[in-house]
Amino acid sequence: AQKITQTQPGMFVQEKEAVTLDCTYDTSDPSYGLFWYKQPSSGEMIFLIYQGSYDQQNATEGRYSLNFQKARKSANLVISASQLGDSAMYFCAMREGDTNAGKSTFGDGTTLTVKP
Amino acid sequence: DVKVTQSSRYLVKRTGEKVFLECVQDMDHENMFWYRQDPGLGLRLIYFSYDVKMKEKGDIPEGYSVSREKKERFSLILESASTNQTSMYLCASSSPGQVTTGELFFGEGSRLTVL
């Protein structure tokens, strides 16, 4: 079974609107970390936001927030006030275990296009 | 500015050639990773290393080997390149330190074409 599932191959959003990118995960480990990365057309992957499995609050970083629903095993990325520069591919990833030294498993990605 | 540098952005090789992809990081990170990225398949882990001279297989190690002789350098080796190894290769590093989340820092990628 796939450990990280991103069901939206492509998404469109109007500039200045909010958008939610979906991510569900599968693990039996009680300790894990969830990440979102952005990959612009230039190719370099950029870390956006992190949520630990024991974190009580949803993570936020500027215009990015992570809607963490542990019981549903979902970790959706919300981008508020979309900008043209947000057009990119977005990857959800999970690292299992209680150490941050482990390897990460990635989803297939969602391509976001922001329309002017 | 912290950095992960991959030696070549674009390479074209012939079937059967030995290919070296080099990756250097300047952040003193213990962990280094090689991923392969293909359309619709996301990133798949080839090999990773937690320390010098140490390596572990990822999800798709077949046809690849790695070398980590120094902490800052992690090399991916294709002993005999094949056309199905045409792909984008991404190197990443991370720190296992307690004050970090262990997020990955990526290089710009190496796009390899095997003819």
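Remember, it's a predicted structure, so these values are computed and weren't measured experimentally.

A few words now on the environment of M11(A). Residue and element names in this part refer to chain A. If you trace the backbone, M11 turns up in strand β2 (residues 10-14). It is 28 Å that separates the C-alpha atoms of M11 and D55, two residues lying 44 residues apart in sequence. Among residues more than four places away in sequence, those in contact with M11 are V19, T20, L21, T110, T111, L112 and T113.

Residues and elements named next belong to chain A. Taken as a whole and judged by the stated rule, the model has two disulfides over all chains. What pairs with C23 in a disulfide is C92, and their sulfur atoms sit 2.0 Å apart. The disulfide joining C23 to C92 has a torsion of about -65° about its S-S bond and is therefore left-handed. Taken as a pair, C23 in the loop between β3 (19-21) and β4 (24-25) and C92 in strand β10 (residues 88-96) lie far apart in primary sequence, 69 residues in all. Per residue, the accessibility class of C23 equals that of C92, and both read buried.

What follows concerns the packing of aromatic side chains. Tallied over the full model, the rule gives 15 aromatic pairs over all chains. Taking 6.2 Å as the distance between ring centres and 75° as the angle between the ring planes, the aromatic pair formed by F106(A) and F106(B) counts as edge-to-face. Note that F106(A) is positioned in strand β11 (residues 104-106) and F106(B) in strand β11 (residues 105-106), a pairing that runs across two chains. The exposure classification of F106(A) matches that of F106(B), with both residues buried. Plain terms: the ring middles of F48(B) and Y50(B) are 5.2 Å apart, the flat faces sit at 65° to each other, and that makes the pair edge-to-face. Here the basic side chain of R63(A) rests over the ring of Y64(A), its NZ or CZ set 5.8 Å away from the ring centre.

So, about the interface of chain A and chain B. Taken together, the contact pairs 20 residues of chain A with 25 residues of chain B. Taken together, the connections running from chain A to chain B amount to zero salt bridges. Put simply, chain A and chain B have six residue pairs in polar contact (both at pLDDT 80 or more) between them. Put simply, the parts of the chain that give the side of chain A that touches chain B at least two residues each are β5 (32-39), β6 (46-52), β10 and β11 of chain A. Partitioned by chemical class, the residues of the side of chain A that touches chain B number nine nonpolar, seven polar and four charged.

Residues and elements named next belong to chain A. Note that L112 resides in strand β12 (residues 110-115). In this structure the C-alpha to C-alpha distance between L112 and P40, which are 72 residues apart in sequence, comes to 9.9 Å. Ignoring anything within four residues of it in the chain, the contact list for L112 reads M11, V13, V19, L21, I79, D86, S87, A88 and Y90.

Another aspect to go through is unusual backbone geometry. With phi around 80°, K16(A) is a residue other than glycine that occupies positive phi space. Tracing the chain through its elements places K16(A) in the loop between β2 and β3. Phi is positive for D28(B), which is not a glycine, with a value near 60°. When you line up the elements, D28(B) lands in the loop between β4 (23-25) and β5 (31-38). D28(B) sits in the exposed class, given a relative accessible area of 53%.

So, how was this worked out
- Residues numbered from 1 in each chain as written.
- Chains lettered and ligands numbered in written order.
- Predicted model: local features only at pLDDT ≥ 70, side-chain atom pairs only at ≥ 80, totals over all residues.
- Heavy atoms only, no water.
- Helix = DSSP H or I, 4+ residues; strand = E, 2+ residues; numbered from the N terminus.
- Contact = heavy atoms within 4.5 Å.
- Disulfide = S-S within 2.5 Å.
- Buried < 20%, exposed > 50% of the residue type's maximum accessible area, 1.4 Å probe, protein only.
- Phe/Tyr/Trp six-rings, centres within 6.5 Å; stacked < 30°, edge-to-face > 60°.
- Lys NZ or Arg CZ within 6 Å of the ring centre and 35° of its normal.
- Salt bridge = Lys/Arg side-chain N within 4 Å of Asp/Glu carboxyl O.
- Polar contact = N/O pair within 3.5 Å; in protein donor to acceptor, adjacent residues only side chain to side chain.
- Nonpolar A, V, L, I, M, F, W, Y, C, P; charged D, E, K, R; others polar.

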